[in-house]
Amino acid sequence: MVFPDGFVWGAATAAYQIEGAAAEDGRGPSIWDTFSRVPGNVADGHTGDVACDHYHRYAEDVRLMAGLGLAAYRFSVAWPRILPTGAGQVNAAGLGFYDRLVDELLAHGITPYPTLYHWDLPQALEDAGGWASRDTAARFADFAAVVHERLGDRVRTWTTLNEPWVAAFLGYCSGVHAPGRRDPAAAFRAAHHLLLGHGLAAQALRAAGAAEVALTLNLAPVIQTDDGHQEAARVDALMNRQFLDPALRGRYPEDVLEIAARHGGLDHVRDGDLAVIHQPIDLLGINYYNPSFVSAAPGEPANPAFPGTEGIRFEPPTGPTTAMDWPIEPSGLETLLVRLSRDYPEVGLLVTENGAAFDDHLTGDEVHDKDRIAYLDGHLRAAHAAISAGADLRGYLVWSLLDNFEWAFGYHKRFGIVYVDFETQRRVPKDSALWYRDVIKRNGFMGE
Ligand code: FCB
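- Where an unreviewed UniProt entry is consulted, the protein appears under the name Beta-glucosidase, with the organism given as Microbispora siamensis.
- Listed in UniProt under the heading Catalytic activity (unreviewed entry), the comment for the protein reads: "Hydrolysis of terminal, non-reducing beta-D-glucosyl residues with release of beta-D-glucose."
- The record held by UniProt for the protein lists under Sequence similarities (unreviewed entry) the comment "Belongs to the glycosyl hydrolase 1 family."

Listed below in structure tokens is the structure:
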């Protein structure tokens, strides 16, 4: 089972989850600094203040990546390091960090894949309305241009957003992520302004000469467990097509417009916005963890993260799960990749996140995470099957390089292929990292 020549193998992280150094070198506060300080928001009051201390240990971490043979590293750029209040004065020290990181990666033959927004909005912009405010989209494009000016000579592929559905609906609707708002109308506005920010940033990046522009979405097949199909179609529209269709076809699905209209109206969608959002992109980044299972359930209230899902039950998993209680269903990745290639044939695909949390234990200098190996093995086989079925999949980035700050779960959920002892900051490659190194070396699974 060999992958195509040039298939990109790598790993992913995000700024707030690994960097630490939250108040260093002029970094301003982000919504996650504020949110994680409110008791009850994050397990055990954990914050990203120190995280994996990657800000100081990046060189060691790049050596670790090189040792595993990674060809690509996806990281995110912390907006509040570059523009501490979100706009205006640029903080040279913040840019300096990413400048050094990119040089270190290139010196080790690793291609940098920066993401410009992985959820750490500068607090000052949230105070001015956050993503529910249209202005934030324009500020994001300015930020993209500033980062490109510094790194554009060495970075080829620029990803605008990570998972706008999560940023909008967990941040502004269910409130389990920063900024912790619980307002469905604000969430639909946030979703639109994130998309608008993507479009404006894509224009700015292209104008500045960016070779490739990408957008990363959290996507999942929605499977209906009873005889119906309308409930799955509605959830699919809210989670998947609300972002795919504007970005890749220049229109919202009708069902999304109808639901958004009932939750605060559509005044925020202005003439011309969809043309801005519908920028040509080179790559669609896919973050896949598990499918969703739903059924019709008259009288069921809407899921707090999915306004408009009255009468739909989100089914708990019945089969094997990860430490997140997420179902383990590798075939969902194949289904998804094949569907995307069929429905949006013009865009190349890159798995920008896939992986699993398990309760790992350090024994001496080793972590025997056979469940994670099985998870990754299954999903890589599914990815390979999708390629054989015609999907234009260009690469795979495992989530995550390091155990890190898993948002509302704090440091309790370990997604890394490298174990981090948060007391000492020691890194220990888990068995899965060594296994992945061999997969990369062989460009697949030889003779199996
Ligand atoms: C995704 C996020 C990533 C990580 C994984 C487990 O939704 O993009 O930061 O938390 O889930």
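**Digging into the nonpolar core**
Working step 1: Membership of the largest hydrophobic core comes to 143 residues, with the highest contact counts inside it found for Trp32, Tyr98, Tyr117, Leu284 and Leu337.
Working step 2: Here Leu284 is in contact with Leu215, Leu217, Leu219, Leu244, Leu248, Leu340, Val347, Gly348, Leu349 and Leu350, once residues within four sequence places are set aside.
Working step 3: With seven residues, the next largest nonpolar core counts Ala72, Tyr113, Ala214 and Leu283 among its residues.

**Focus on the site of the ligand**
Working step 1: By nearness alone, every residue bordering the ligand is listed as Gln17, His118, Trp119, Asn162, Glu163, Asn287, Tyr289, Glu353, Trp399, Glu406, Trp407 and Phe415.
Working step 2: At a separation of 2.8 Å, an oxygen atom of the ligand approaches a polar side-chain atom of His118.
Working step 3: Within the complex, the protein chains bury 94% of what would otherwise be the 290 Å² of accessible surface of the ligand.
Working step 4: Grouping the constituent residues of the shell around the ligand by class yields five nonpolar, four polar and three charged.

**Details of unusual backbone geometry**
Working step 1: Residue Pro179 is bonded to the preceding Ala178 through a cis peptide linkage, with omega at 5°.
Working step 2: Locating Pro179 in the fold gives a position in the loop between helix H8 (164-172) and helix H9 (184-207).
Working step 3: Going from Trp399 to Ser400, the amide bond is cis rather than trans, its omega being 10°.
Working step 4: Note that Ser400 resides in the loop between strand E13 (393-399) and strand E14 (418-421).
Working step 5: In this structure, Ala51 takes a positive phi of about 50° despite not being glycine.
Working step 6: Relative to the helices and strands, Ala51 resides in the loop between helix H2 (31-36) and helix H3 (54-68).
Working step 7: Overall, Ala51 belongs to the buried group, its relative accessible area being 4%.
Working step 8: Unlike most non-glycine residues, Gln425 shows phi in positive territory, near 65°.

**Examining the UniProt feature "active site" (unreviewed entry) in the protein**
Working step 1: Listed under "active site" (unreviewed entry) in the UniProt record, and renumbered for this structure, are Glu353.
Working step 2: Turning to its location among the elements, Glu353 is positioned in strand E10 (residues 348-353).
Working step 3: With a relative accessible area of 4%, Glu353 lands in the buried category.
Working step 4: In contact with Glu353, not counting residues within four places along its chain, are Arg74, His118, Asn162, Glu163, Ile286, Asn287, Tyr288, Tyr289, Leu397 and Trp399.
Working step 5: At a separation of 2.9 Å, a polar atom in the side chain of Glu353 contacts the side chain of Arg74.

**Topic: the environment of Ala391**
Working step 1: Looking at where Ala391 falls in the secondary structure, it is placed in the loop between helix H14 (370-388) and E13.
Working step 2: Apart from the residues within four sequence positions on either side, Ala391 is in contact with Leu337, Ser341 and Ala386.

**With respect to the pairing of strand E2 (residues 72-76)**
Working step 1: Where burial is concerned, most of E2 is hidden: five out of the five residues are buried.
Working step 2: Both faces of E2 are covered, namely the face carrying Ala72, Arg74 and Ser76 and the face carrying Tyr73 and Phe75.
Working step 3: Bridging between strand E1 (residues 8-12) and E2 involves three bridges; their strand directions are parallel. Residue Gly10 lies in a different strand from E2, and its bridge partner there is Ala72.
Working step 4: For E2 and strand E3 (residues 111-117), the ladder comprises five bridges, and the chain directions are parallel. Across the sheet, residue Arg74 finds its bridge partner in E3, namely Tyr113.

**Focus on the sheet that holds strand E8 (residues 292-296)**
Working step 1: Strand order in the open sheet formed by three strands is E6-E8-E9, with mixed pairing between adjacent strands. In this open sheet, the two strands that pair with only one neighbour each are strand E6 (222-224) and strand E9 (312-314). Neighbouring strand axes in the sheet, compared pairwise and without regard to direction, differ in orientation by 35° on average.
Working step 2: Note that E8 and E9 share three bridges and pair antiparallel. Looking at the pairing, Val294 lines up with Phe314 of E9.

Reading guide: rules and limits
Residues numbered from 1 in each chain as written. Predicted model: local features only at pLDDT ≥ 70, side-chain atom pairs only at ≥ 80, totals over all residues. Heavy atoms only, no water. UniProt positions renumbered as here; feature names shortened; annotations may be inferred. Core = buried A, V, L, I, M, F, W, Y, C linked by side-chain atoms within 4.5 Å. Buried < 20%, exposed > 50% of the residue type's maximum accessible area, 1.4 Å probe, protein only. Contact = heavy atoms within 4.5 Å. Near = heavy atom within 4 Å. Polar contact = N/O pair within 3.5 Å; in protein donor to acceptor, adjacent residues only side chain to side chain. Areas by Shrake-Rupley, 256 points an atom, 1.4 Å probe, with all protein chains shown as cover. Nonpolar A, V, L, I, M, F, W, Y, C, P; charged D, E, K, R; others polar. Helix = DSSP H or I, 4+ residues; strand = E, 2+ residues; numbered from the N terminus. Pairing = 2+ DSSP bridges. Axes fitted to C-alpha atoms, helices over the stretch in contact; angles between N-to-C directions.

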